Amino acid sequence: MTDAQQYIHGKKLAVYGDSDYLLGYVSFLLEMGAVPYHILCPRARRSSKRELACLLDASPFGKASKVYMNKDLWHLRSLVITDGGRIIRRHPR
């Protein structure tokens, strides 16, 4: 964690996974100083969104996060490409 924190801190990320795993992933990313911007869960329990919201509210890095329940990878792809309505410009290689 010590060696990777400088590379992860302040980066905006998209996270996808089952609700049980998401709590661990998001908690780890928040501790490292990353901003889990889009959080998607394909199958969620009723309490999952509430638990994630509590976790995000407890950290200054979680204030801009958006949680999407019962969404799939296609929805994640759409969010990442458009970034919430703003089209991401791809740099030519």
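About the criteria used
Residues numbered from 1 in each chain as written. Predicted model: local features only at pLDDT ≥ 70, side-chain atom pairs only at ≥ 80, totals over all residues. Heavy atoms only, no water. Pairing = 2+ DSSP bridges. Helix = DSSP H or I, 4+ residues; strand = E, 2+ residues; numbered from the N terminus. Axes fitted to C-alpha atoms, helices over the stretch in contact; angles between N-to-C directions. Core = buried A, V, L, I, M, F, W, Y, C linked by side-chain atoms within 4.5 Å. Buried < 20%, exposed > 50% of the residue type's maximum accessible area, 1.4 Å probe, protein only. Contact = heavy atoms within 4.5 Å. Parallel < 35°, antiparallel > 145°, perpendicular 65-115°, else oblique. Nonpolar A, V, L, I, M, F, W, Y, C, P; charged D, E, K, R; others polar. Polar contact = N/O pair within 3.5 Å; in protein donor to acceptor, adjacent residues only side chain to side chain. Phe/Tyr/Trp six-rings, centres within 6.5 Å; stacked < 30°, edge-to-face > 60°. Lys NZ or Arg CZ within 6 Å of the ring centre and 35° of its normal.

Undergrad: So what about the sheet that holds strand β2 (residues 35-41)? Which residues, and what values?
TA: The strand order across the open sheet formed by 3 strands is β1-β2-β3, and the pairing between neighbours is parallel. Where the open sheet ends on each side, the last strands, each with one partner, are β1 (12-16) and β3 (66-69). Each strand axis lies, on average, 15° off the axis of its neighbour in the sheet, ignoring direction. One ladder, built from 4 bridges, connects β2 with β3; its direction is parallel. In the sheet register, L40 faces β3, and the bridge partner there is Y68.

Undergrad: I'd like a description of the nonpolar core, backed by residues and values.
TA: Grouped together as the largest cluster of nonpolar side chains are 12 residues: V15, L22, V26, L29, L30, A34, I39, C41, L52, L56, V67 and M69. For this core, the elements supplying multiple residues, two or more each, are α2 (19-32), β2, α3 (48-57) and β3. A total of 4 residues in this core trace back to one element, the largest contributor, which is α2. Excluding residues within four positions of it along the chain, I39 makes contact with V15, L22, V26, L52, L56, S65, K66, V67 and Y68.

Undergrad: Run through the packing of α2 against α3, naming residues and quoting values.
TA: Two elements in contact, α2 and α3, have axes whose closest approach is 10 Å; the angle formed by their N-to-C orientations is 5°. In this view, α2 runs roughly parallel relative to α3, as classed from their interaxial angle. Taken together, the residues of α3 that come into contact with α2 (itself represented by S19, L22, L23, V26, S27 and L30) are S48, E51, L52, L55 and L56. Residue composition of the contact of α2 with α3, grouped by class: 7 nonpolar, 3 polar and 1 charged.

Undergrad: Any details on the side chain of S65? Residues and values, ideally.
TA: With respect to the helices and strands, the residue S65 is situated in the loop between α3 and β3. Side-chain polar atoms of S65 contact the backbone oxygen of P36, separated by 2.6 Å. Once residues within four sequence positions are removed from consideration, S65 is found in contact with P36, Y37, I39 and L56.

Undergrad: I'd like a description of the packing of aromatic side chains, backed by residues and values.
TA: Scanning the entire structure with this criterion turns up 1 aromatic pair. Pairing Y21 with Y25 gives two aromatic rings, centres 6.2 Å apart and planes at 20°, and the pair type is stacked. With a gap of 4 residues between them, Y21 and Y25 both fall in helix α2, about one helical turn apart. Judged by relative accessible area, which is 41%, Y25 ranks as partly exposed. Stacked on the ring of Y37, the Lys or Arg K12 has its end atom at 4.2 Å from the ring centre. Lying over the aromatic face of W74, R77 brings its terminal NZ or CZ to 4.6 Å of the ring centre.

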